[in-house]
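Here are the chains, one letter per residue:
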Amino acid sequence: MKLKFVKALAVSAVAATTALTGALATAQEQFIPILSYRVGLYAAGGSGFFGGAIDYFNLVNANGGINGVKISWEECETEYAATRGVECYERLKKKNGGATLVEPLGTGIAYGILDRLPADKIPMTTLGYGRSDAANGQVFPYVFPLITSYWNQAAGMIKYLGDKSGGMDKLKGKKIVHLYHDSAYGREPFPVLEAYEKQLGFQLIKIPVPHPGTDQNAQWLQIRQANPDHVILWGWGVMNAVALKTAARVGFPREKMLGVWWAGSEEDTIPAGDAAKGYTTMTFNTPGNYPVIDEIRKKVYGANKGNLSDKDRIGSVYHMRGITAAMLWVEGIRNAQNKYGKGKVMTGEQVRWGLENLNVDEKRQRELGALNMFPTIKTSCQDHEGSGAVKVQVWDGKAWKAVTPNWVVGDRAMIQKMVAESSAKYAAEKKITPACLPG
Amino acid sequence: MQFFFEVLIAGLLSGVMYALVALGFVLIFKASGVFNFAQGAMVFFAALTTVGLKEEFGLSLWVAIPITMVVMVLLGIATERIVLRPLVNQHDITLFMATIGLTFFIEGFAQLVWGSTVRKLDLPIQDVPIEFVMERTGMLISQFDVIAAIICAILVAALAILFNKTKVGRALRAVADDHQAALSVGIPLQHVWAIVWAVAGFVALVAGLLWGARNGVQFALIFVALKALPVLILGGFTSVPGAIVGGLIIGASEKLAEVYIGPYVGGGIEGWFPYVLALVFLLIRPEGLFGEKIIRRI
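Model, not experiment: these values are computed from the prediction.

Chemist: What's the story with helix H10 (residues 224-235) of chain B in this structure? I'm lost.
Modeler: Since there are 3.6 residues in each turn of an α-helix, residues three or four apart along the chain are aligned in direction. Residue and element names in this part refer to chain B. With 12 residues, H10 should cover 16 Å at 1.5 Å per step; its first-to-last C-alpha distance of 17 Å lies within 8% of that length. Burial within H10 is extensive, with 10 of its 12 residues counted as buried. Taken residue by residue, H10 has Val224, Ala225, Lys227, Ala228, Pro230, Val231, Leu232, Ile233, Leu234 and Gly235 as its buried positions. Looking at the buried side of H10, the elements it contacts are helix H1 (2-32), helix H2 (39-57), helix H9 (189-215), helix H11 (240-260) and helix H12 (273-284). Where H10 terminates, the next one or two residues include glycine 236, which has phi positive at roughly 100°.

Chemist: How should the state of the cysteines be read in this particular structure?
Modeler: Among covalent bonds in proteins, the disulfide is the one between the sulfur atoms of two cysteines. Residues and elements named next belong to chain A. All told, the structure shown has two disulfides over all chains when counted by the stated rule. The disulfide partner of cysteine 76 is cysteine 88, and the gap between their sulfur atoms is 2.0 Å. Residues cysteine 76 and cysteine 88 are joined by a disulfide whose S-S torsion is about -70°; by sign, that bridge is left-handed. One end of the pair, cysteine 76, is in strand E2 (residues 70-77); the other, cysteine 88, is in helix H3 (residues 82-92), with 12 residues separating them in the sequence. There is no split in this pair, since cysteine 76 and cysteine 88 are both buried. Between the sulfur atoms of cysteine 381 and its disulfide mate cysteine 436 the distance is 2.0 Å. Measuring handedness by torsion sign, the sulfur bridge of cysteine 381 and cysteine 436 sits at about -100° and is left-handed. One end of the pair, cysteine 381, is in the loop between strand E11 (377-378) and strand E12 (391-395); the other, cysteine 436, is in the segment after helix H16 (412-430), and 55 residues separate them in sequence. Overall, the relative accessible area of 35% leaves cysteine 436 in the partly exposed class.

Chemist: How should I be thinking about the interface of chain B and chain A in this particular structure?
Modeler: Many authors give the size of an interface as the accessible area that is lost as the parts come together. Across the contact, 43 residues belong to chain B and 42 residues belong to chain A. In total, chain B and chain A occlude about 3,600 Å² of area from one another, counting both sides; carbon and sulfur atoms represent 60% of this. In this assembly, chain B and chain A are joined by five salt bridges. The partner of aspartate 215 of chain A in a salt bridge is lysine 255 of chain B, and the shortest N-O contact between them spans 2.5 Å. Our count for the contact surface shared by chain B and chain A stands at 12 residue pairs in polar contact (both at pLDDT 80 or more). Where the side of chain B that touches chain A is concerned, the elements lending two or more residues are H1, H2, helix H4 (92-114), H9 and H11 of chain B. Examining the composition of the side of chain B that touches chain A, we find that six residues originate from one element, H1 of chain B, more than from any other.

Chemist: Would you explain the nonpolar core in this entry?
Modeler: As a rule of thumb, soluble globular proteins bury nonpolar side chains together. Ranked by internal contacts, the top residues of the largest apolar core, which has 233 residues, are Tyr56, Leu179, Trp220 and Trp262 of chain A. Ranked by residue count, the leading element in this core is H1 of chain B, at 16 residues. Each of domain 1 (4-148 + 291-388 + 419-430) and domain 2 (150-283) of chain A contributes no fewer than three residues to this core. Apart from residues no more than four positions distant in its own chain, tryptophan 220 of chain A is found in contact with Leu179, Val231, Ala243, Thr246, Ala247, Val250, Phe252 and Met257 of chain A.

Chemist: Just checking my understanding: could you explain the side chain of histidine 230 of chain A for this structure?
Modeler: Residue and element names in this part refer to chain A. In this fold, histidine 230 is placed in strand E7 (residues 230-234). With a relative accessible area of 8%, histidine 230 lands in the buried category. Discounting chain neighbours no more than four positions away, the residues touching histidine 230 are Leu161, Ser165, Lys175, Ile176, Val177 and Lys256.

Chemist: Honestly, the domain arrangement of chain A in this entry has me stumped. Any pointers?
Modeler: Residue and element names in this part refer to chain A. In terms of domain boundaries, chain A breaks down into domain 1 (4-148 + 291-388 + 419-430) and domain 2 (150-283). Contacts between the two partners involve 23 residues from domain 1, matched on the other side by 14 residues from domain 2. Viewed at the interface, domain 2 and domain 1 are joined by one salt bridge. The salt bridge involving glutamate 267 is made with arginine 313; its shortest N-O contact spans 3.0 Å. Taken together, the links from domain 1 to domain 2 amount to nine residue pairs in polar contact (both at pLDDT 80 or more). Secondary-structure elements contributing two or more residues to the side of domain 1 that touches domain 2 are helix H13 (317-340) and H16. Here the side of domain 1 that touches domain 2 is built from residues that sort into 11 nonpolar, seven polar and five charged.

Chemist: Where do I start with a nonpolar patch on the surface in this structure?
Modeler: Residues and elements named next belong to chain B. Nonpolar side chains collect at one region of the surface, where Trp272, Val276, Val280, Leu283 and Ile284 lie side by side and expose about 560 Å² of accessible area between them. Along the chain, valine 280 falls in helix H12. Overall, valine 280 belongs to the partly exposed group, its relative accessible area being 40%.

Chemist: Please clarify how H2 of chain B should be interpreted in this entry.
Modeler: Residues and elements named next belong to chain B. Given a rise of 1.5 Å per residue, 19 residues ought to cover 27 Å, and the 26 Å separating the end C-alpha atoms of H2 matches this to within 8%. Burial analysis of H2 places 16 of its 19 residues in the buried class, the great majority of the element. Glycine 58 occupies a position one or two residues after H2 and carries a positive phi of about 65°.

Chemist: Hey, could you run me through the environment of isoleucine 100 of chain B in this one?
Modeler: Structurally, isoleucine 100 of chain B can be placed in helix H4. Taking the relative accessible area as the measure of exposure, isoleucine 100 of chain B reaches 21% and is therefore partly exposed.

Chemist: Where do I start with the packing of aromatic side chains in this structure?
Modeler: The description of an aromatic ring pair uses the distance of the two centres, along with the angle that the planes make with each other. Residue and element names in this part refer to chain A. A full pass over the atoms with the stated rule returns 34 aromatic pairs over all chains. Between phenylalanine 57 and tryptophan 73 the ring centres are 5.4 Å apart and the planes differ by 45°, which places this aromatic pair in the tilted class. Here the residue phenylalanine 57 occupies a position in helix H2 (residues 43-62), and tryptophan 73 occupies one in strand E2, the gap between them amounting to 16 residues. In this pair, the class of phenylalanine 57 matches that of tryptophan 73, namely buried. Between tyrosine 150 and tryptophan 261 the ring centres are 6.5 Å apart and the planes differ by 25°, which places this aromatic pair in the stacked class. Of this pair, tyrosine 150 sits in helix H6 (residues 150-165) while tryptophan 261 sits in the loop between strand E8 (257-259) and helix H11 (266-269), placing them 111 residues apart in sequence. Both residues of the pair, tyrosine 150 and tryptophan 261, count as buried. Following the ring pairs from residue to residue traces out a cluster consisting of Tyr37, Tyr42, Phe49, Phe50, Tyr80, Tyr129, Trp236, Trp262 and Tyr318. Between arginine 321 and the ring centre of tryptophan 262, over which it is positioned, the NZ or CZ distance is 4.8 Å.

Chemist: Got a minute to help me understand empty space enclosed by the protein in this structure?
Modeler: One way to see where empty space is left: roll a probe the size of a water molecule over the atoms. Applying the stated criterion across every chain yields a total of five cavities of 30 Å³ or more. By volume, the largest cavity amounts to about 240 Å³. Leu41, Tyr42 and Ala44 of chain A together with Val118 and Gln218 of chain B are the residues nearest the centre of the largest cavity, which is lined by 24 residues in total. When residues of the lining of the largest cavity are traced back to their parent elements, those giving at least two are H2 and H11 of chain A together with H2 of chain B. Tallying contributions element by element places H2 of chain A first for the lining of the largest cavity, with three residues. Of the residues in the lining of the largest cavity, the class split is 13 nonpolar, nine polar and two charged. A domain-level breakdown of the lining of the largest cavity finds at least three residues from each of domain 1 (4-148 + 291-388 + 419-430) and domain 2 (150-283) of chain A. Taken as a whole, the second largest cavity holds about 100 Å³ of empty space. Among the secondary structure elements, those contributing two or more residues to the lining of the second largest cavity are helix H9 (217-226) of chain A together with H1 of chain B.

What counts, and at which threshold
- Residues numbered from 1 in each chain as written.
- Chains lettered and ligands numbered in written order.
- Predicted model: local features only at pLDDT ≥ 70, side-chain atom pairs only at ≥ 80, totals over all residues.
- Heavy atoms only, no water.
- Helix = DSSP H or I, 4+ residues; strand = E, 2+ residues; numbered from the N terminus.
- Expected span 1.5 Å × (residues − 1).
- Buried < 20%, exposed > 50% of the residue type's maximum accessible area, 1.4 Å probe, protein only.
- Contact = heavy atoms within 4.5 Å.
- Disulfide = S-S within 2.5 Å.
- Buried area = accessible area lost by both parts, 1.4 Å probe.
- Salt bridge = Lys/Arg side-chain N within 4 Å of Asp/Glu carboxyl O.
- Polar contact = N/O pair within 3.5 Å; in protein donor to acceptor, adjacent residues only side chain to side chain.
- Core = buried A, V, L, I, M, F, W, Y, C linked by side-chain atoms within 4.5 Å.
- Domains from an automatic or database assignment.
- Nonpolar A, V, L, I, M, F, W, Y, C, P; charged D, E, K, R; others polar.
- Patch = residues over 30% accessible without salt bridge, like charges linked within 9 Å, V, L, I, M, F, W, Y side chains within 5 Å.
- Areas by Shrake-Rupley, 256 points an atom, 1.4 Å probe, with all protein chains shown as cover.
- Phe/Tyr/Trp six-rings, centres within 6.5 Å; stacked < 30°, edge-to-face > 60°.
- Lys NZ or Arg CZ within 6 Å of the ring centre and 35° of its normal.
- 1 Å grid on protein atoms, 1.4 Å probe; cavity = no way out; pocket = protein on both sides within 12 Å on 5 of 7 lines; lining within 4 Å.
- Points joined across faces, edges and corners; volume = space filled by probe spheres on them.

Structure (structure tokens):
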């Protein structure tokens, strides 16, 4: 029975100390700016994700760093706002010898700094969001939509719905509602879903929900009237819990709902209570416990260096996503060290090469204590995504459980073609000559 | 036709929920002429405090609610003492700006005290269709929404009695008309303001509990205030019944517009449609449907 503000003050004190540590980082430390959001509309997701990343940094440092190079970081609160995010990026990019990489966890901020990255020579990862066509490293050499982009996720969704129906051909004549956050984010999968609609012959019904989505009676009455076979929920924040509760209210089975991975966390289902039971979503982490999470519990939280004030959130969806992101960043730095000098601090440019040549196979995942926690990843100049695989998870009322034992991959060839076309258009618009950067 | 009525009733019930938030604005404006920008933040703070007391201290909901009520009253009194009292007789815009500052303070303070995680709030009201109605008409009317409407009706009746039949109510109206004149006839302005902010805190608590149970207790609760603005423009800033009627009109029209006009224009119009409607009303009747007509001597 402790007051949260006491905890908050303690966390603030730790954060302040951590920030100071970052500010005093020596030249032997690899500096990573953290553009986090811990207050505001999306704080629940932000605190989990960035908490996971910092927990992993602390674990790496506790284990001696990356070939002896410790990680230092400094947080800057963006409140998920693009303007503040860009300001944070500008403030931190040259600090402590320069930023190694950046992960804004927000499409608006990512778009805001996208054009600055090549000049600053800082790579940006966008795990599971942002521009899907940024997977083409010849046009976007400094952007890494690692693991899976929205387009591959949408392809994975249709593949899963097809398999569930008994085959892709069985989707013919079915109705699929795309209930989406009325923003660029919600419209991102349109090209993929429309292409599949033409190819497979199902009927796609697009229903937008105005931001923030606190009342969805009108949308769900429309859905009930349309009586679809499946509803894809492409929501964000409060919209997800409201969608689940309103679906229950109009008697729409949650088993027929398939959410995007930003609609698939404990923060989305717990507020919805029983209405969330049986609801499925995409994910790029297999829910469960892993040796790396146990190690974080023991070495980081055991030493009172844990970033989450609520220990029950350790291993939650957002926390695991943050750990995964940090693990891939560290692998990118390690990879760069293997080429440019072990035990040395890497520049942004060198880390860019490290991220472009990632190879996190099952053997490496096992060494990291994260076997099957995320899909295997192999990046290249042509493929900054490195995987394109997703999983489906179901909420059983208390926790997420994996539905698909194996990773689901949609029509990769179709998505690659779309990536090539869209990125070529961007290159023409920005007068970029597509090419792989030299190592 | 059945679908039309279903949409209409769902809209009316949503409108009641908007009206619940609008009531808090009306109270403050009626008594002090201040548009309280912080009402949405108060809704969020009240809901978060209730659920925080319940989860962090293991209290039952029925203990957490009265404690939160006390907290909201103290917040109201503190607002009067620290923010409003020094600004007596200042321009309305000064007071309005003060409430903007108050909004950000409450939002930040709430998250500092209780954290920023999303929480579940269970009220003993089920959010399921009423079986009786479903069997007879085939329409799905939420039990939760109907009970929320009844609570709102009780609240409005109580507020109407407070304003029209009590000594405090007369004092509130006198202060609203003219601060200085009210002071000159011996009405304690500070007490009146403290009372009205405390009552607004209570209304915020009721709204926070109902909206929190519906959507989960999270930062997005502050956005329910946005739904209340067109309600106020339509119903009038000074009328309690106006808030209800405005809420019903806005709720019903936005749902009908979304379902019947939305598909022709790409959908997603319910976010801005109520504001268009409110603007039209503003042009025709600037004081709103039930607002007091302001006549000034030039």
